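# Fold and contact review
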Amino acid sequence: MAGEANHSNQLEQFMLLAKKAKGPALIALINQLLEAPGVYVFGEFLELPCIQELLKGPNEGYTQLLKMFAYVFKDTLPPLTETQKNKLRHLTIVNLAANMQVIPYAWLLRDLEVGSVRQLEDLVIEAVYANVIRCKLDQSQLQLEVDACLGRDVRSEGMGCIASVLAQWCRDCESVSASVEQEVGRVGQSRGSHLRALQQIEAEVANISRMISARDISERYQEMDPLGVGEQEGEGSVAGAESRQTPLKMVSELKTFTNQRH
């Protein structure tokens, strides 16, 4: 989503501060992080050496608290502020939205542990304004229709599953690409056949046009001397000699005949 870059920038500020903080200052920074309105991912913060060091001391619970916000798992909750509780509810909505496009109100009421539909809808609206989810409230059907949601932190043991999904996606892309290339080849062959057929038709049309032109010229010659054959029979060899005109003379007579007609 568009807000993920902004969330990441805010997290980086807390990470820079954590590298210099120790003891109570670090605990206070963790509480500030969990209440920060624009931060909903915590995986990178959890990997900081100073946070991992908390696992070895009396403040181990704060590391577990960060993990609970990062991965939203059910556990015994330490004392939380109301702001932290609301953020945890927003993250629970995101978890559900990542797996379901339509979420019944009954599921949300159960997982968010709120007492009324009004409270539930207020929480969803807050999550929308926090830019962690895009959705529609269908009050007639009592369900939440999800369009998109914020990406969440991933446990290290879940990386193998993600890698497997991405590998399958790559194989599917290669298969689609090969099919497209085959289709392009078939289209190219079909286009070549079509062009050859078109050229053949154009050649035949040109031949027919030449034949028609030759026939028209022949008919015009006949119109110029319609009695030529009869005169040749009545006058003997002289008429026959006159009827055997040279091509140049025939063209000249054709022009004269055409002028007379016009």
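Here is a short report on the structure shown in this document. (Residues numbered from 1 in each chain as written. Predicted model: local features only at pLDDT ≥ 70, side-chain atom pairs only at ≥ 80, totals over all residues. Heavy atoms only, no water.)

Moving on: the pattern of salt bridges. Within this structure, the stated rule accounts for five salt bridges. Between Arg-89 and Glu-82 there is a salt bridge, and its shortest N-O distance comes to 3.9 Å. Given a relative accessible area of 19%, Arg-89 falls into the buried group. Notably, a salt bridge pairs Arg-110 with Asp-111, separated by 2.8 Å at the nearest N-O pair. (Salt bridge = Lys/Arg side-chain N within 4 Å of Asp/Glu carboxyl O. Buried < 20%, exposed > 50% of the residue type's maximum accessible area, 1.4 Å probe, protein only.)

Time to look at the side chain of Asp-138. Looking at the secondary structure, you find Asp-138 in strand β2 (residues 133-138). Within the structure, the side chain of Asp-138 is placed 2.7 Å from the side chain of Ser-140, a separation counted as a polar contact. (Helix = DSSP H or I, 4+ residues; strand = E, 2+ residues; numbered from the N terminus. Polar contact = N/O pair within 3.5 Å; in protein donor to acceptor, adjacent residues only side chain to side chain.)

Let us look at the packing of helix α7 (residues 105-112) against helix α8 (residues 117-129). Contact geometry for α7 and α8: axes closest at 10 Å, N-to-C directions at 85°. Taken as axis vectors, α7 and α8 run roughly perpendicular relative to one another. Here Tyr-105, Leu-108, Leu-109 and Leu-112 of α7 come into contact with α8, specifically with Val-117, Leu-120, Glu-121 and Leu-123. In terms of residue class, the contact of α7 with α8 is built from seven nonpolar, no polar and one charged. (Axes fitted to C-alpha atoms, helices over the stretch in contact; angles between N-to-C directions. Parallel < 35°, antiparallel > 145°, perpendicular 65-115°, else oblique. Contact = heavy atoms within 4.5 Å. Nonpolar A, V, L, I, M, F, W, Y, C, P; charged D, E, K, R; others polar.)

A few words on unusual backbone geometry. Unusually for a residue other than glycine, Glu-113 sits at a positive phi of about 55°. Locating Glu-113 in the fold gives a position in the loop between α7 and α8. On the basis of relative accessibility, which here comes to 60%, the residue Glu-113 falls in the exposed class. Although it is not a glycine, Asn-131 sits at a positive phi angle of roughly 65°. In this structure, Asn-131 sits in the loop between α8 and β2. Classification of Asn-131 as partly exposed rests on a relative accessible area of 26%.

Among the residues of α7, those classed as buried are Tyr-105, Leu-108, Asp-111 and Leu-112. Buried residues of α7, viewed axially, fall in a sector of 135°; they line one side. Opposite the buried face of α7, at more than 90 degrees from it, the exposed residues are Ala-106 and Arg-110. The inward-facing, buried residues of α7 contact α6 (82-99), β1 (102-104), α8, β2 and β3 (143-149). Among the residues trailing α7, Glu-113 stands out with phi positive, at a value near 55°. (Arc of directions from axis to C-beta.)

This paragraph deals with the pairing of β2. Direction of pairing for β2 relative to β3: antiparallel, over a ladder of six bridges. Among the inter-strand pairings, Leu-137 is bridged to a residue of β3, identified as Leu-144. Linking two consecutive strands that pair antiparallel, namely β2 and β3, is a turn of four residues; a positive phi of about 55° is found at Leu-142 within it. (Pairing = 2+ DSSP bridges.)

Read these as spatial facts, not as claims about activity.
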